[in-house]
Amino acid sequence: MDEKISSPETPTDVAPAAARPAVDRSTRRAALWATLVAVPVTVAVAGFTLAKLSPDAPVAAPDPSPTSAGPVSSAPVEMPAPALAERPGVVCRALVSQLPATVRDLGQRPVTAGAEQNAAYGDPALTVACGGAEPTVDATADVWTVNRVCWYADERSDATVLTTLDRETAVTVTVPRAYEGALQWLTPISDAVVASVPSGGDSPAGCRG
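Described in the following lines is the structure provided in the data block. (Residues numbered from 1 in each chain as written. Predicted model: local features only at pLDDT ≥ 70, side-chain atom pairs only at ≥ 80, totals over all residues. Heavy atoms only, no water.)

Moving on: the state of the cysteines. Disulfides are covalent bonds that link the sulfur atoms of two cysteine residues. A complete count under the given rule lists two disulfides for this structure. Shown here is the disulfide that connects C92 with C130, its sulfur atoms set 2.0 Å apart. One quick way to see it: the torsion about the S-S bond of C92 and C130 is about -80°, and its sign makes the bridge left-handed. In this pair, C92 is assigned in helix α2 (residues 86-98) and C130 in strand β4 (residues 126-132), connecting sequence segments 38 residues apart. Under the relative-accessibility criterion, C92 is labelled buried at 0%. According to the relative accessible area criterion, C130 is buried, its value standing at 3%. Here C150 is linked by a disulfide to C207, with a sulfur-sulfur distance of 1.8 Å. Between C150 and C207 the sulfur-sulfur dihedral comes to about 75°; the bridge is accordingly right-handed. Within this pair, whereas C150 is found in strand β6 (residues 149-155), its partner C207 is found in the segment after α3 (187-196), the two being separated by 57 residues in sequence. (Disulfide = S-S within 2.5 Å. Helix = DSSP H or I, 4+ residues; strand = E, 2+ residues; numbered from the N terminus. Buried < 20%, exposed > 50% of the residue type's maximum accessible area, 1.4 Å probe, protein only.)

A rise of 1.5 Å per residue sets the reference length of α2, with its 13 residues, at 18 Å; its end C-alpha atoms lie 19 Å apart and thus fit the reference within 8%. Along α2, the residues classified as buried are G89, V91, C92, L95 and V96. Seen along its axis, α2 keeps its buried residues to an arc of 165°; they face one direction. The exposed set on the far side of α2, more than 90 degrees from its buried face, consists of E86 and S97. Lining the buried residues of α2 we find β3 (118-121), β4, β8 (170-176) and α3. (Expected span 1.5 Å × (residues − 1). Arc of directions from axis to C-beta. Contact = heavy atoms within 4.5 Å.)

Considering all chains together, one arrives at one aromatic pair under this definition. With 5.0 Å between their ring centres and 45° between their planes, Y179 and W185 make a pair best called tilted. Among the residues examined, Y179 registers a relative accessible area of 3% and is labelled buried. For W185, a relative accessible area of 3% puts it in the buried group. Across the ring face of W185, the terminal group of R104 is positioned such that the distance to the ring centre comes to 4.3 Å. (Phe/Tyr/Trp six-rings, centres within 6.5 Å; stacked < 30°, edge-to-face > 60°. Lys NZ or Arg CZ within 6 Å of the ring centre and 35° of its normal.)

Take the pairing of β8 next. Where burial is concerned, most of β8 is hidden: six out of the seven residues are buried. In the sheet, β4 pairs with β8 via five bridges, with the strands oriented antiparallel. Within the sheet, the bridge partner assigned to A129 lies in β8 and is T172. Summarising the sheet, strand β7 (residues 159-164) and β8 pair through five bridges and their orientation is antiparallel. (Pairing = 2+ DSSP bridges.)

These values are about where atoms sit, not about what they do.
Next up, the structure:
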């Protein structure tokens, strides 16, 4: 009887499927989450880098208003300087010495003539003139009392011209239309008038009481 001899398995024999190592599901899931997180982070970093490298967009500067900081002319303001009698001259020099360095946020500027009776502020120029003629107004005219000084307002196309009605020597303030609320600019000037220009004559009824 022939004897059957079985040969040993060679190294090239394939192992059964059951013997193959199983894939680690937890490892695969962790890798998937890492990929999902890495993609948006990479996109964000790239966007940030591009933004840093891109030139900044120019920002438009705001237009300066008449009362905001901006280029202001330092040229003397042209003003007439009529000759004054002795007493008005004394009063006007006293007034100019009491005027503030600024009216609200308008800085004082030089004048072309009559520095002893004139003053100017800002650009366009708000002006103060001492020694002019006091206007004649109707009894029913609108008048305004600002810090104990009676003013009459003459509305013109380019400015409001305000003149005292209750002082020994008249004081006139011209407020350009560029500045809103003409009466609001009178407060520091009225204080200087009270301190240096004596009262004189009868003030209109609207300024009494």
